[in-house]
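Breakdown of the fold
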Amino acid sequence: MEGLPLLSTMNLGTMSTVIGVGLLIWWLWSALKWVWLKPKSIERRLRQQGIKGNSYRPLVGDIRDMIKMIKQVKSKPMDPHSNEIAPRVLPYVVHTVAKYGKSSFMWLGPTPRLFILDPDKIKEITNKVYEFQKPDTSPLFKLLASGFANYDGDKWAKHRKIVSPAFNVEKLKVLIPIFVECCDDMISKWENVLASSDGPCEMDVWPSIQNVSSDVLARAGFGSSFEEGKRVFQLQREMLQLTMTLFKFAFLPGYRYGWPHRIRFL
C-alpha cells in the first residue's frame, strides 16, 4: 500500500512524457508538412498540368529574388518615353511570365501564386466561383479592404447579380460625357499652370491623375465632384497607405493574430 502513491506518481510522469513526445512529433510533422511536403506536392501537380515555374525553396520561395529585382528596377530612373509600366511595378511577375509562359507560377513563401493570361481559362475560372475559391485573407485585410472582389460563393454571386446591370455597355456609354468633362477640367488646370509659368516647366501629374479618377467616381456615382468630397477621398488614401504599410507583415507567421507589433518585414 505504501508504494501506491509512488507508483501513481511514476505513471503520471510517464503519461506526461508520452503526451509531450506525442505533441512534439505532431508539431514537427505539421511543420514539415507546411514547410516542405505540401508545397512540393502542389508543385508536382502544377507541373503535371503543364504549368511551369521555379522549384520551391523552403520558407522563402521566390521572395528574395523578387525583392532583389524590385530594388534593381527602382534603383534606375524610368524611361519617360516608355509606356511599359508593368516591368516597373511588377518586375518579377513579368520576368516569370516571360520565362515560363502565360500559365506559370511563383512562390510567396510556401504558397504558390498562379498566373493565368489565357482569356478562355480566365473566363472558366471566374465562372466557377464554387470550385475556384479565393485565398483566405488576414482579419486585417477583411476589416480594412473587404468588398465585392473578396466575396466568395453565394455572397459573390448575389452581389454580382446586383452590380452587373450598372456595367452594361449601353449604360456605360451614357457616362462618356462625364468622363470627358472630368478630363477636360484636369487638362484646363494643367494649361493654367503652364500659362502662369515663364516658359517650359516640370509638372507632377500623378496627383491630378488620382484626382480625376475620384472625380469620375463622384460625378458618375453620387452626382457630386471631387472638390465636394475631397476630405473623404483624402481619408481613403491615408487609410490605403496605412493598410499597405501593415501588409508588409503578410508573410510573418502569427501576425494575423495580432503580433508582433514592432517588427518590420525587410
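Look a little higher up for the structure.
A brief structural summary. Everything numeric in this text was worked out from a predicted model, so none of it was measured.

Strand order in the open sheet made by the three strands is E1-E2-E3, with mixed pairing throughout. If you trace the sheet from one side to the other, it starts and ends with strand E1 (52–53) and strand E3 (111–116), each paired once. With six bridges joining them, strand E2 (residues 103–108) and E3 adopt antiparallel strand pairing. Paired with Ser103 across the two strands is Ile116, which belongs to E3. Along the sheet face, helix H4 (residues 91–100) touches E1, E2 and E3 and points at about 140 degrees away from the line of E2.

Tracing the backbone shows Ser104 in strand E2. Of the polar contacts made by the side chain of Ser104, one reaches the backbone oxygen of Gly101; its length is 3.1 Å. What Ser104 contacts, discounting residues up to four positions off in sequence, is Ile51, Lys52, Thr96, Val97, Arg113, Leu114 and Phe115.

Residue pairs spaced three or four apart in an α-helix point in one direction, given the helix's 3.6 residues per turn. Counted at 1.5 Å a residue, the expected span for helix H2 (residues 63–74) with its twelve residues is 16 Å, and the 16 Å between its end C-alpha atoms agrees. Along H2, the residues that are buried comprise Ile63, Met66 and Met69. Buried residues in H2, looked at end-on, bunch into an arc of 130 degrees, giving them a common side. Along H2, exposed side chains directed more than 90 degrees from the buried face belong to Arg64, Lys68 and Lys71.

Here is what the cut-offs are and how they apply
- Residues numbered from 1 in each chain as written.
- Predicted model: local features only at pLDDT ≥ 70, side-chain atom pairs only at ≥ 80, totals over all residues.
- Heavy atoms only, no water.
- Pairing = 2+ DSSP bridges.
- Helix = DSSP H or I, 4+ residues; strand = E, 2+ residues; numbered from the N terminus.
- Contact = heavy atoms within 4.5 Å.
- Axes fitted to C-alpha atoms, helices over the stretch in contact; angles between N-to-C directions.
- Polar contact = N/O pair within 3.5 Å; in protein donor to acceptor, adjacent residues only side chain to side chain.
- Expected span 1.5 Å × (residues − 1).
- Buried < 20%, exposed > 50% of the residue type's maximum accessible area, 1.4 Å probe, protein only.
- Arc of directions from axis to C-beta.

Function cannot be read off these values alone, since they describe shape.
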